[in-house]
Amino acid sequence: MLFPRVAVTTLAIAVASVSLQAQAREITFGHVGGPDSLFSDSANHFAELVNERLPEPYEVVVFGSSQLGTDSELLQRMRLGTVDLALPSTIMSSVADEFGLFELPYLIQDREHMKRVEEEVVWPTLAPLAEQNGYRILAVWENGFRHITNNRRAINTPEDLRGIKLRVPQGVWRVRMFEEYGAEPSPMSLSEVFMALQTGVMDGQENPLAQIAGQRFQEVQDYLSLTGHVYTPAYLTAGRRFNNLPDEIQEIIIEAAKETQAFVYEHAAQLDEDLIDVIRQANTEVNEVDTSVFIEASGTIYEAFANEVPGSQELIDRVLELGNDS
């Protein structure tokens, strides 16, 4: 049977329209974490939780391992509206200088401290700064307490870092901190780090245990030093396209995002315990560190941050004050 040309054309337009509508309702969530990382586990838990609540045809679809781009590319794509959600961490200091607060060494004591900082500093001060620059923070999750791996020597003091080529994320204050400690830091996308370590382009890197194990860095690193030098939050962040979703869909996503934090913190604490053995099993030497030596060497970083970022001394003082509430 032959259909009239007009009918066929109308049918094709209708099918294309339905396809575009379905595609538009796929809520894309990109992150840089590997398959077994805290980022991956957190994102997948959130997606499972939110997709149970979203009505058809809405669905959050997660793309990990930098499939949708590096952190900087994900930020750009959220602004352009080609990615809905991402999970930036250190790179947020490129959005607003004040986020560099979480690059200061030994500022955050533990997760309970971070919860108070979230309530008293992140939501009233930092989240509005992100929104002014086109990003909406939906929830505060975790990247974690960061430690140093390398192929040269165990790190016990800042002096042990001298001459070590160290990969760091895109954050100006992380670079300056490790320069102060004597290392040779270089920003690099997470997806490039394994090869850089394997080939000797970089001697080492610094990351939470969940990222170290998730990226299999222990396979190409001889030493893990438990410096715990920085605690980095991760921010479930939405771009411009999120605001085009119906209000009830936005509310479902935000509620699930905030509920996911409890899972993130509990799972992260468990990973901190479990992954040291995983890393040791790869014949990576693990050493504890007397952090007081690093803390003593960190004063100039605080002074520089306070001098160069307007209003940051008040933020530092408030975070330290909240730490005293423990």
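The sections below set out a description of the structure shown in this document. (Residues numbered from 1 in each chain as written. Predicted model: local features only at pLDDT ≥ 70, side-chain atom pairs only at ≥ 80, totals over all residues. Heavy atoms only, no water.)

## Focus on the overall build of the protein chain
Our working definition: Per the convention used, a helix needs a DSSP run of H or I reaching at least four residues, while a strand needs a run of E reaching at least two, with both numbered from the N terminus. Throughout, the radius of gyration refers to the C-alpha atoms, and the reference size of a globule is 2.2 Å times the residue count to the power 0.38. For the exposure calls, accessible area comes from a 1.4 Å probe over protein chains only, and a residue counts as buried if that area is under 20% of its type's maximum, exposed if over 50%, partly exposed in between. Throughout, a contact is declared for two residues whenever any of their heavy atoms are within 4.5 Å. Using the Shrake-Rupley algorithm and a 1.4 Å probe, accessible areas are obtained, with residue cover drawn only from the displayed protein chains.
A count of helices and strands for the protein chain gives 11 helices and 10 strands. A compact globule built from 326 residues should have a C-alpha radius of gyration of about 20 Å, and the protein chain, at 22 Å, falls within 12% of that. When the backbone C-alpha atoms are referred to their principal axes, the protein chain occupies close to 80 × 45 × 30 Å. A total of 326 residues make up the protein chain; the buried ones form 54% of that total. Looking at the protein chain alone, contacts between residues at least 24 apart form 76% of all its contacts between residues at least 6 apart. Of the roughly 14800 Å² of accessible surface on the protein chain, 48% is carried by carbon and sulfur atoms.

## Side note on the side chain of Arg-111
Within the element layout of this structure, Arg-111 appears in helix α4 (residues 111-132). For Arg-111, the contacting residues outside a window of four places in its chain are Glu-142, Phe-145, Tyr-265, Ala-268, Ala-269 and Asp-272.

## Observations regarding the environment of Tyr-265
For Tyr-265, the location among the structural elements is in helix α8 (residues 247-280). Take Tyr-265: its relative accessible area is 5%, and that puts it in the buried class.

## Quick look at the packing of helix α2 (residues 38-51) against α8
Keep this limit in mind: For helices, the axis comes from a line fit to the C-alpha atoms of the stretch in contact; other axes are also lines fit to C-alpha atoms, and the angle between any two N-to-C directions lies between 0 and 180 degrees. For any helix crossing, the convention is left-handed if the near helix is rotated counterclockwise from the far helix by under a right angle, and right-handed if that rotation is clockwise. Residue classes follow a fixed rule: Ala, Val, Leu, Ile, Met, Phe, Trp, Tyr, Cys and Pro count as nonpolar, while Asp, Glu, Lys and Arg count as charged, and any other residue, Gly among them, counts as polar.
Axis separation between α2 and α8 bottoms out at 9 Å; the angle between their running directions is 145°. When the axes of α2 and α8 are compared, the crossing they make is right-handed. Where α2 approaches α8, its residues Leu-38, Asp-41, Ser-42, His-45, Phe-46, Leu-49 and Val-50 are matched on the opposing element by Ile-252, Ile-253, Ala-256, Ala-257, Glu-259, Thr-260, Phe-263, Val-264, His-267, Ala-268 and Leu-271. Looking at the contact of α2 with α8 residue by residue, the classes come out as 12 nonpolar, 4 polar and 2 charged.

## Details of the nonpolar core
Put simply, the test is: Take the buried Ala, Val, Leu, Ile, Met, Phe, Trp, Tyr and Cys residues and link them wherever side-chain atoms come within 4.5 Å; each set so joined is a nonpolar core.
Among the nonpolar cores identified, the biggest contains 108 residues, and Phe-46, Leu-101, Leu-236 and Ile-253 are the most heavily contacted of them. It is α8 that provides the largest number of residues to this core, a total of 13 residues. In this view, Leu-236 contacts Phe-29, Phe-46, Leu-85, Ala-86, Leu-87, Arg-136, Ile-137, Leu-138, Ala-139, Trp-141 and Ala-257; residues no more than four positions away in its chain are not counted.

## Observations regarding the pattern of salt bridges
Proximity of charged atoms lets side chains of opposite charge pair with each other. Let me state the cut-off plainly: Counted as salt bridges are all cases of a side-chain nitrogen of Lys or Arg within 4 Å of a carboxyl oxygen of Asp or Glu.
As enumerated under the stated definition, the model contains 14 salt bridges in all. Salt-bridge contacts for Asp-84 lead to Arg-241; the nearest nitrogen and oxygen are separated by 2.8 Å. With a gap of 157 residues between them, Asp-84 in the loop between α3 (71-80) and β3 (85-86) and Arg-241 in the loop between β9 (231-238) and α8 connect regions that are remote in the sequence. Owing to a relative accessible area of 3%, Asp-84 belongs among the buried residues under this scheme. Accessibility expressed as a relative area gives 26% for Arg-241, which makes it partly exposed. What you see here is one network of salt bridges that share partners, running through Arg-53, Glu-255 and Glu-259.

## Notes on α4
Selection rule: In this scheme, a helix's expected span is set at 1.5 Å multiplied by one less than its residue total. Here the bend at each residue means the angle between axes fitted to two seven-residue stretches, the one ending at that residue and the one beginning there. Distance and chemistry together define a polar contact, namely a pair of N or O atoms within 3.5 Å, with one atom able to donate a hydrogen and the other to accept it when in protein, and with adjacent residues in sequence counting only for side-chain atoms on both sides.
Over its 22 residues, α4 extends only 27 Å from the first C-alpha to the last, a length that falls short of the 32 Å expected when each residue adds 1.5 Å. Along α4, the sharpest kink reaches roughly 60°, centred on Val-122 and followed within four residues by the proline Pro-124. Listed in full, the buried residues belonging to α4 are Arg-111, His-113, Met-114, Val-117, Glu-118, Val-121, Val-122, Leu-126, Ala-127, Leu-129 and Ala-130. In the core, the buried residues of α4 are packed alongside β4 (136-150), β9, α8 and α11 (312-323). A side-chain oxygen of the first residue of α4 lies 3.3 Å from the backbone nitrogen of Glu-112; this N-cap is Asp-110. Two residues or fewer past α4, Gly-134 is found with a positive phi of approximately 100°.

## Let's talk about the packing of aromatic side chains
Centre distance and the angle of the planes are the two values used to describe a pair of aromatic rings. Quick note on the threshold: Aromatic rings from Phe, Tyr and Trp, with only the six-membered ring used for Trp, were paired whenever their centres fell within 6.5 Å, and each pair was classed as stacked if the ring planes differed by under 30 degrees, edge-to-face if by over 60, and tilted otherwise. Criterion for a charge above a ring: Arg CZ or Lys NZ at most 6 Å from the ring centre, at most 35 degrees from the ring normal.
Enumeration according to the criterion identifies 8 aromatic pairs in this entry. By way of ring pairs, the aromatic residues Phe-29, Phe-46 and Trp-141 are connected into one cluster. The ring of Phe-194 has Arg-216 sitting right over it, with the charged end atom 4.9 Å from the ring centre. Residue placement shows Lys-258 over the ring face of Trp-123; its charged tip is 4.8 Å from the ring centre.

## Section: the side chain of Ser-37
Mapping Ser-37 onto the fold places it in the loop between β1 (26-30) and α2. Polar contacts involving the side chain of Ser-37 include one to the main-chain amide nitrogen of Ser-40, which spans 3.1 Å. Dropping the residues within four chain positions of it, Ser-37 is found in contact with Ala-210, Gln-211 and Gly-214.

## A short note on the packing of helix α10 (residues 299-308) against α11
Applicable threshold: The labels follow the angle: roughly parallel below 35 degrees, roughly antiparallel above 145, roughly perpendicular from 65 to 115, and oblique for the rest.
The interhelical angle for the contact between α10 and α11, taken along N-to-C directions, is 130°, at an axis separation of 7 Å. Overall, the two elements α10 and α11 adopt an arrangement that is oblique. Of α11, the residues touching α10 (which contributes Tyr-302, Phe-305 and Ala-306) are Ser-312, Gln-313 and Ile-316. Taken together, the residues that form the contact of α10 with α11 break down as 4 nonpolar, 2 polar and no charged.

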